[in-house]
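Tertiary structure, described
Here are the chains, one letter per residue:
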Amino acid sequence: MHSTSRIIMARDLIAAEILFLDEILAKGITVLDGKSVRVIGRLTSHNAHSCEATLSDPKGKETVYIDTTLLEPFEGVHVGGLYQVIGEIRTHSSVPGMILQARVVVCVDGIDVAMYRHAVGIQRKYFEQRGSELNINAGTVYSPD
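Residues numbered from 1 in each chain as written. Predicted model: local features only at pLDDT ≥ 70, side-chain atom pairs only at ≥ 80, totals over all residues. Heavy atoms only, no water.

**Describing unusual backbone geometry**
Short version of the rule: In this text, helices come from DSSP runs of H or I with a minimum length of four residues, and strands from runs of E with a minimum of two, each type numbered from the N-terminal end. Exposure categories follow from relative accessible area, calculated using a 1.4 Å probe and restricted to protein chains: below 20% of the type maximum is buried, above 50% is exposed, and the middle band is partly exposed.
For the peptide bond that leads from Glu-72 to Pro-73, omega is 0 degrees, which places it in the cis range. The topology assignment puts Pro-73 in the loop between strand E4 (63-67) and strand E5 (82-92). Its identity as a non-glycine residue notwithstanding, Cys-51 has a phi of 60 degrees, on the positive side. By secondary structure assignment, the location of Cys-51 is in the loop between strand E2 (36-47) and strand E3 (52-56). Here Cys-51 falls in the buried class, since its relative accessible area comes to 5%.

**Concerning the packing of aromatic side chains**
Formally: Planes of paired rings set the category: under 30 degrees apart is stacked, over 60 is edge-to-face and the rest tilted, where pairs are Phe, Tyr or Trp rings (Trp by its six-membered ring) whose centres lie within 6.5 Å. Over a ring means this: the NZ of a Lys or the CZ of an Arg is within 6 Å of the ring centre and within 35 degrees of the ring normal.
Summed over the entire model, instances satisfying the criterion amount to two aromatic pairs. Centroid distance Phe-20 to Tyr-116: 6.0 Å. Interplanar angle 80 degrees. Geometry classified as edge-to-face. Placement of Phe-20 in the loop between strand E1 (17-18) and helix H1 (21-27) and of Tyr-116 in helix H3 (residues 113-137) is noted, with a sequence separation of 96 residues between them. Of the residues examined, Tyr-116 reaches a relative accessible area of 17% and is grouped as buried. Aromatic pair Tyr-126 and Phe-127: ring centres 5.5 Å apart, planes at 55 degrees, arrangement tilted. Judged by its relative accessible area of 45%, Tyr-126 falls in the partly exposed class. The partly exposed category is assigned to Phe-127, whose relative accessible area is 42%. Seen from the ring of Phe-20, Arg-117 lies directly overhead, with NZ or CZ sitting 3.9 Å from the centre.

**Points about the nonpolar core**
Applicable threshold: Only buried Ala, Val, Leu, Ile, Met, Phe, Trp, Tyr and Cys residues count toward a nonpolar core, and they belong to the same one when joined by side-chain atoms within 4.5 Å.
Counting residues in hydrophobic clusters, the biggest one holds 18 residues, and the most contacted among them are Ile-24, Val-39, Leu-55, Ile-66, Val-85, Ile-89 and Leu-100. For this core, the secondary-structure elements that each account for two or more residues are H1, E2, E3, E4, E5 and strand E6 (95-107). The next biggest cluster of nonpolar side chains, apart from the first, holds seven residues, and it includes Leu-82, Val-108, Tyr-116 and Val-120.

**What about the side chain of Ser-56?**
Threshold: Two N or O atoms count as a polar contact when they lie within 3.5 Å, although within protein this holds only if one can serve as hydrogen donor and the other as acceptor, and sequence-adjacent residues are included solely when both atoms are side-chain atoms. In what follows, a contact means two residues having at least one pair of non-hydrogen atoms within 4.5 Å.
Counting through the fold element by element, Ser-56 comes out in strand E3. Within the structure, the side chain of Ser-56 is placed 3.1 Å from the side chain of Thr-63, a separation counted as a polar contact. Not counting the four nearest positions on each side in its chain, Ser-56 is found in contact with Leu-21, Gly-41, Arg-42, Thr-44, Glu-62 and Thr-63.

**Some remarks on the environment of Leu-82**
Tracing the backbone shows Leu-82 in strand E5. C-alpha separation for the pair Leu-82 and Asp-109, spaced 27 residues apart in sequence, amounts to 4.9 Å.

**Comments concerning the side chain of Asp-57**
Note on placement: Asp-57 falls in the loop between E3 and E4. When residues no more than four places from it in sequence are discounted, the contact partners of Asp-57 are Leu-21, Glu-62 and Arg-117.

**Here's the deal with the pairing of E3**
Put simply, the test is: Two strands pair if DSSP finds at least two bridges between them.
Buried residues dominate E3, accounting for four of its five residues. A loop of four residues connects E2 with E3, the two strands running antiparallel in sequence, and Cys-51 in this loop sits at a positive phi of about 60 degrees. Relative to E4, E3 runs antiparallel, the two being bridged by five bridges. Each bridged residue has a counterpart across the sheet, and for Ser-56 the counterpart in E4 is Thr-63.

**Some details on the environment of Thr-63**
Structurally, Thr-63 can be placed in strand E4. Measuring from C-alpha to C-alpha, the distance between Thr-63 and Asp-22 comes to 8.5 Å, with 41 residues separating the pair along the chain. Those residues in contact with Thr-63 that lie beyond four places of it in its chain are Leu-25, Thr-54, Leu-55 and Ser-56.

Dropping the structure here:
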């Protein structure tokens, strides 16, 4: 599954949006193509020779294909472990749908996934509220008088 997409340059990178596997699959490739995402899941397969892996929802319902070309040799990986993957969503001719081209993978075994999901929900509400406040205040001119 070696990617033929362009090389990712540091200046091209933006903060990865935290998403869950079900959200990635629900949004689809038309919305996410080229976007940076950060996702947690269980590594269900890994093939270093073909630079392919699969990441599944901890409950095992959703799966996304991972392109590990930028990471190989990806040593110390263990199938069944919980990992956080940061990368870009891409299309690929050999995989139906989309793949996540990984640029960072971190083992997060031991994380409380339910608590993580809850914390992400709180963070999203905060940013949504803050964004609304920033939009309201954007038209206000500050005067120290």
